[in-house]
Amino acid sequence: MFEVRSYTASDGIPLKYGLLSHPTPPTSGQGLLFIPGLGGSVKGALHFLELLLPHYNPIFAPDLRGFGLNPVESPLPKAPIIWQDLEAFHQQILHPQTPDKIALCGISLGGVLSTLLATRHPQRFSSVTLLAPAYKPHPQTFSPAYVLRNVLSHLFLGGKARTRLPYGLEAITRNPAILNDPQFNGALKMPLTPGFLLGVRDWCNQAMREIKTLQIPALMVVPGQDIVCDPKAMRQAYERIPLNTPKQLLNYPDFYHDVLFEADYGRLAQGIIDGLASLPSDSRSS
């Protein structure tokens with residue numbers, strides 16, 4: 001069952017999140033927090049999350065402010081508000097409803113945020129799954145000219161500056177069922193500010209540094225055909241995870257950036273389930 005519920009954001013406005021629950025809960029009863037990426041939504045991940053429900057129940061999926069269930073009419077001027085929203089979600093929803101540790105999973109920017117949550121709140125999570133984490137933009141798509149243009153626009157225009165992502169739907173998936181689906185038309189054409197993207201870059205840099213302190217079992221999925229985020233940076237981040245932290249790397253050489261949009265997403269879901277099951281459990285779990 002899928003429901004859309006609300007919580008109160010850090011600045012007092014209502015934000016929506018998705019909640020998936022299984023009619024016959026698994027015996028473990030462990031929950032899962034799923035964090036979508038930039039421009040993504042739980043609605044586009046339901047097909048994948050439903051495959052995890054026999055193993056994780058319930059599944060919480062807060063869409064990031066400005067995207068999916070939480071659109072805004074004007075661009076988001078600063079990125080830190082999203083981190084504050086996640087902290088508010090944790091205090092209002094996660095902590096009261098899941099007193100024990102839960103699993104954590106994020107894709108793209110959600111993978112970056114999941115890295116930060118896992119390193120800063122290890123007592124709350126039993127494991128972390130990082131799907132095509134956006135630690136570094138791919139230089140083929142985020143050209144030096146694009147970066148320089150946005151930096152200058154931010155310096156001279158500040159919050160009045162506007163920009164768009166330098167890629168479309170065809171860069172994140174090869175799946176014709178997604179490319180030809182009207183609901184995804186314009187999904188990546190949301191107006192942004194250069195300042196917002198610079199804030200996202202700060203998160204990415206922080207995640208690359210802080211992953212060195214990761215203590216909970218980790219699984220990372222790297223898509224070999226990713227031209228949005230750099231697969232080399234993903235592997236570098238994986239190597240920075242401490243040697244005494246249980247970890248596993250899953251390479252999918254034929255996958256594009258949005259691994260959940262792949263036609264054989266079932267293979268991915270099973271790989272994640274098997275991969276996490278093979279990792280030693282968190283000895284510090286409550």
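Before reading on, note that the structure itself is shown above.
A short tour of the structure in this document, coming up. (Residues numbered from 1 in each chain as written. Predicted model: local features only at pLDDT ≥ 70, side-chain atom pairs only at ≥ 80, totals over all residues. Heavy atoms only, no water.)

**Considerations on the packing of aromatic side chains**
Item 1. One pass over the structure, following the stated rule, counts nine aromatic pairs.
Item 2. The interplanar angle of 70 degrees and the centroid separation of 5.1 Å between the aromatic rings of Tyr-7 and Phe-89 together place this pair among those described as edge-to-face. One end of the pair, Tyr-7, is in strand 1 (residues 2–8); the other, Phe-89, is in helix 2 (residues 80–97), with 82 residues separating them in the sequence. An identical accessibility class is assigned to Tyr-7 and Phe-89; each is buried.
Item 3. With a centroid separation of 5.0 Å and 75 degrees between ring planes, the pair formed by Tyr-17 and Phe-89 is classed as edge-to-face. With a gap of 72 residues between them, Tyr-17 in strand 2 (residues 14–20) and Phe-89 in helix 2 connect regions that are remote in the sequence. The exposure classification of Tyr-17 matches that of Phe-89, with both residues buried.
Item 4. Of note, Lys-247 hangs over the ring of Tyr-238, and the distance from its end group to the ring centre comes to 4.6 Å. (Phe/Tyr/Trp six-rings, centres within 6.5 Å; stacked < 30°, edge-to-face > 60°. Helix = DSSP H or I, 4+ residues; strand = E, 2+ residues; numbered from the N terminus. Buried < 20%, exposed > 50% of the residue type's maximum accessible area, 1.4 Å probe, protein only. Lys NZ or Arg CZ within 6 Å of the ring centre and 35° of its normal.)

**Re the packing of helix 4 (residues 144–157) against helix 6 (residues 194–210)**
Item 1. Direction vectors running N to C along helix 4 and helix 6 enclose 115 degrees, while the axes themselves pass 9 Å from each other. As helix 4 packs across helix 6, the resulting crossing turns out to be left-handed. Each of Tyr-146, Asn-150, Val-151, Ser-153 and His-154 in helix 4 lies in contact with helix 6, whose residues at this interface are Pro-194, Gly-195, Leu-197 and Leu-198.
Item 2. Looking at the contact of helix 4 with helix 6 residue by residue, the class counts come to five nonpolar, four polar and no charged. (Axes fitted to C-alpha atoms, helices over the stretch in contact; angles between N-to-C directions. Left-handed = near helix turned anticlockwise from the far one by under 90°. Contact = heavy atoms within 4.5 Å. Nonpolar A, V, L, I, M, F, W, Y, C, P; charged D, E, K, R; others polar.)

**Notes on helix 8 (residues 265–278)**
Item 1. When the terminal C-alpha atoms of helix 8 are compared, their 20 Å separation across 14 residues agrees well with the 20 Å that a helix rising 1.5 Å per residue should span.
Item 2. Every buried residue of helix 8 is accounted for by Leu-268, Ala-269, Gly-271, Ile-272, Ile-273, Gly-275 and Leu-276. (Expected span 1.5 Å × (residues − 1).)

**Details of the side chain of Arg-124**
Item 1. By the element assignment, Arg-124 lies in the loop between helix 3 (109–120) and strand 6 (125–131).
Item 2. Look at Arg-124: it is buried, it has no salt bridge, and the nearest opposite charge is Asp-100 at 7.2 Å.
Item 3. Apart from residues no more than four positions distant in its own chain, Arg-124 is found in contact with His-90, Leu-94, His-95, Thr-98, Pro-99, Asp-100, Lys-101 and Ile-102. (Lys, Arg positive; Asp, Glu negative; His and termini not counted. Salt bridge = Lys/Arg side-chain N within 4 Å of Asp/Glu carboxyl O.)

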